[in-house]
Amino acid sequence: MEVTTLKAMDRIENPKKVRDAGFIPGVLNGPGTTSASVQFETKALNKIVMKHGLNAKVWVESGAEKKFGFIKEVQTHPVERKIIHVAIQLVSKDQEVKMQLPITFSGSSELEPRFLHVHVNKSEIEVVGKVALMPDMIVVDVSGKEAEDTITATDFHLPAEIKILDAEHEVYATIKAVREVIVEEAEAAAPAE
């Protein structure tokens, strides 16, 4: 699991001025109630989020200090979908945290020739475990699934040290047959009586 470094600079300006200057405002939440207002380079932060997801684990460089953490919250602009604020939770690597991990269903293109698709019931899973063992996202291969197969926690293959907090028999997705509505040409062309 790759961990990246993100440079944080102290922030004294309000968030709007920071964004106007080409940076993304954010906050570093330390243990307890400690927090610090910071700003990040837009390009560097966007690259990390695109590659590692919204729960990416990062080393945060702030001045001469380097601390470990994970992205806890990302706020995006409602229209432009750009990141406008980020909160990073600083933790020790062996600290236990509760997180919502996004679920990605890979291999769905292989279902299409068989007229199947993934019907997603829930796109995240709530887990608790040590930060160092926590994946950025859950990837489930659905390419070999058949109609009416379900995706449950047994499909996630998480390390034993990570505990799933969702209901035991939660169904995250179901493989469904694609139903095509075919209108008979004769019915469509029939004259109205």
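As the structure is a computational prediction, the values presented were derived from the model and not from experiment.

Cut-offs and rules
Residues numbered from 1 in each chain as written. Predicted model: local features only at pLDDT ≥ 70, side-chain atom pairs only at ≥ 80, totals over all residues. Heavy atoms only, no water. Helix = DSSP H or I, 4+ residues; strand = E, 2+ residues; numbered from the N terminus. Salt bridge = Lys/Arg side-chain N within 4 Å of Asp/Glu carboxyl O. Buried < 20%, exposed > 50% of the residue type's maximum accessible area, 1.4 Å probe, protein only. Polar contact = N/O pair within 3.5 Å; in protein donor to acceptor, adjacent residues only side chain to side chain. Pairing = 2+ DSSP bridges. Axes fitted to C-alpha atoms, helices over the stretch in contact; angles between N-to-C directions. 1 Å grid on protein atoms, 1.4 Å probe; cavity = no way out; pocket = protein on both sides within 12 Å on 5 of 7 lines; lining within 4 Å. Points joined across faces, edges and corners; volume = space filled by probe spheres on them. Nonpolar A, V, L, I, M, F, W, Y, C, P; charged D, E, K, R; others polar. pLDDT = per-residue confidence, 0-100.

Mind laying out unusual backbone geometry, listing which residues take part and the relevant values?
The phi angle at Phe-115 is positive, at roughly 55°, despite the residue not being glycine. When you line up the elements, Phe-115 lands in the loop between β7 (96-106) and β8 (116-120). One non-glycine residue, Glu-148, lies in positive phi territory at about 75°. Along the chain, Glu-148 falls in the loop between β10 (138-141) and β11 (150-151).

Lay out the pattern of salt bridges with the relevant residues and their values.
Under the criterion given, the structure shown has 10 salt bridges. Lys-17 serves as the salt-bridge partner of Glu-13, at 3.8 Å between the closest nitrogen and oxygen. Counted as one network, the salt bridges with shared partners bring together Lys-122, Asp-166 and Glu-170.

Pulling in residues and values, what's your account of the side chain of His-52?
Considering the arrangement of structural elements, one finds His-52 in helix α2 (residues 42-52). The buried category is assigned to His-52, whose relative accessible area is 8%. Reaching out from His-52, the side chain makes a polar contact with the side chain of Thr-4 at a distance of 3.3 Å.

Talk me through the sheet that holds strand β1 (residues 4-10); I want residue IDs and the actual numbers.
Backbone-to-backbone hydrogen bonds join strands into a sheet, with any given pair of strands oriented parallel or antiparallel. Ordered in space as β1-β3-β2-β6-β5-β4, the 6 strands form a closed barrel in which the pairing is mixed. When strand polarity is set aside, the average angle formed by the axes of neighbouring strands in this sheet is 45°. Bridging between strand β2 (residues 23-29) and strand β3 (residues 35-41) involves 7 bridges; their strand directions are antiparallel. Looking at β3, one finds that Pro-25 is bridged to Gln-39.

Any chance you could break down the layout of surface pockets for me, citing the residues and the numbers?
Computed from the structure, the largest pocket encloses a volume of approximately 210 Å³. Residue lining of the largest pocket: 15 residues in total, with Leu-28, Ala-36, Glu-65, Lys-67 and Leu-90 positioned closest to the centre. Secondary-structure elements contributing two or more residues to the lining of the largest pocket are β3, β4 (57-62) and β5 (65-76). The biggest single contributor to the lining of the largest pocket is β5, with 4 residues. A breakdown of the residues in the lining of the largest pocket according to their chemical character gives 7 nonpolar, 4 polar and 4 charged.

Mind laying out the pairing of β3, listing which residues take part and the relevant values?
The pairing of β1 with β3 spans 3 bridges and is classified as antiparallel. Within β3, the residue paired with Met-9 across the bridge is Gln-39.

Run through the sheet that holds β7, naming residues and quoting values.
Reading across the sheet, the 4 strands line up as β10-β7-β9-β12 and stay open at both edges, with mixed pairing between neighbours. Looking at which strands have only one partner, the edges of the open sheet turn out to be β10 and β12 (163-164). Here β7 pairs with strand β9 (residues 124-130) via 7 bridges, running antiparallel. Bridge pairing in β9 places Pro-102 opposite Glu-124.

Summarise the confidence of the model for the chain; cite the residues concerned and give the values.
Considering every residue of the chain, the mean pLDDT works out to 86; 90% of them sit at 70 or more. Model confidence for the chain, summarised as mean pLDDT per element, is weakest for helix α3 (residues 185-189) at 51 and strongest for β11 at 95.

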